[in-house]
Amino acid sequence: MIDKSLEIDIEKIWGNLEIQKFEELDSTNSYVKSYLEKNKGCEILVIADTQTEGRGRSGRKFYSQLEHGLYFSIGFSVEDTAPEFLSLYTIAAASSLIQAIEKKLGLKIEVKWVNDLFYQGKKVAGILAEAITNQKTNKISSLVIGIGINLAGTFDDADPLTQKSAGTLYQVLPEEFELEPLITEFLRVFYTYHQNIENKSFLPVYEKHLLGIGQEVYYLRRDKKYRGRIEGINEQGQLLVKNNKNNIEILIADEIHFSSEQFVKEIGETNENL
Ligand code: BTN
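Residues numbered from 1 in each chain as written. Predicted model: local features only at pLDDT ≥ 70, side-chain atom pairs only at ≥ 80, totals over all residues. Heavy atoms only, no water.

### Thoughts on the site of the ligand
Right, so step 1: Contacts to the ligand come from 20 residues, most closely from Ser27, Gln51, Arg55, Arg57 and Lys123.
Right, so step 2: Between the ligand and Thr28 there is a distance of 3.1 Å, counted from a nitrogen atom to a side-chain nitrogen or oxygen.
Right, so step 3: Here Asn115 contributes a side-chain N or O atom positioned 3.2 Å from an oxygen atom of the ligand.
Right, so step 4: When the ligand sits alone it has 420 Å² of accessible area, and the protein chains cover 96% of it.
Right, so step 5: With four residues, strand β6 (residues 122–134) is the largest single contributor of residues to the shell around the ligand. (Near = heavy atom within 4 Å. Polar contact = N/O pair within 3.5 Å; in protein donor to acceptor, adjacent residues only side chain to side chain. Areas by Shrake-Rupley, 256 points an atom, 1.4 Å probe, with all protein chains shown as cover. Helix = DSSP H or I, 4+ residues; strand = E, 2+ residues; numbered from the N terminus.)

### A few points about the side chain of Gln238
Right, so step 1: Of note, Gln238 is situated in the loop between β9 (224–233) and β10 (239–242).
Right, so step 2: Here Asn234 takes part through its side chain, which lies 2.9 Å from a polar atom of the side chain of Gln238.
Right, so step 3: With near-sequence residues (within four places) excluded, Gln238 lies in contact with Trp113, Gly232, Ile233, Ile250, Leu251 and Ile252. (Contact = heavy atoms within 4.5 Å.)

### Considering the packing of helix α3 (residues 85–105) against helix α5 (residues 179–195)
Right, so step 1: Closest axis-to-axis distance for the α3/α5 pair is 8 Å, and the angle between their directions is 145°. The crossing of α3 and α5 is right-handed. Residues Tyr89, Ala92, Ala93, Ser95, Ser96, Leu97, Gln99, Ala100, Ile101, Lys103, Lys104 and Leu105 of α3 pack against Pro181, Leu182, Glu185, Phe186, Arg188, Val189, Phe190, Tyr193 and His194 of α5.
Right, so step 2: Each residue belonging to the contact of α3 with α5 can be placed in one class, and the counts come to 13 nonpolar, four polar and four charged. (Axes fitted to C-alpha atoms, helices over the stretch in contact; angles between N-to-C directions. Left-handed = near helix turned anticlockwise from the far one by under 90°. Nonpolar A, V, L, I, M, F, W, Y, C, P; charged D, E, K, R; others polar.)

So, to be careful, I would describe these as geometric facts and stop short of saying anything about function.
Here it is in structure tokens:
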């Protein structure tokens, strides 16, 4: 188990962010969501060694029992934010995590739209952004950004899809590995993006790391299967794909499921035929 006794000088990075640590939780996102319901206006970072009910997008499970896994969620309030900002926050979090991993661990990361980080052809991290919405105004009042990172370990008891598509940042966790610089850098970058979310300055970072540009992919929209070639993202962080009639389609994160499998590569393999 990694030493998670963080000594972050948090005040310099994120004013009043409260930090709580647990050996085990059902889901750090669920914990933070109910904490925010009871403690309105608070800002919190929750870290767990393992999760028994780790969740991914669209109700999928996220394997959270890795020997060296990092599972955390940040919760904070926002000022009456439109629902479209949820996916921009996912992209801001992904960009922050890419930047933190590349800078502090020196590993080259790619991102599979919209919320999966890949390293050496395998999914190594996932992001789940959830909103607490004011029912009267239909505006977001608080956000929970959950992140799971596979640092090292094996997926022996995971489901077959996870076994096929998931990977880790390290085969063996380096002895000198420290969590603190990684989390601190992530929080520093993410806080800046959050403060200036309207500027969307994370979009170029995200697009530079986008996986599969020019690749033909399958995706599901309301359980129907479609095919298209990835072109890039637009100003809303939506994915642009060219269909077989050469028209550009705009994919909205909430409506689309892309399987990670079609982006998986064994090291040294090209995956043009997947
Ligand atoms: C995905 O793969 O679709 C997103 C996975 C997000 C997993 C993280 S782990 C910490 C936080 N708590 C959860 O239950 N999920 C997120």
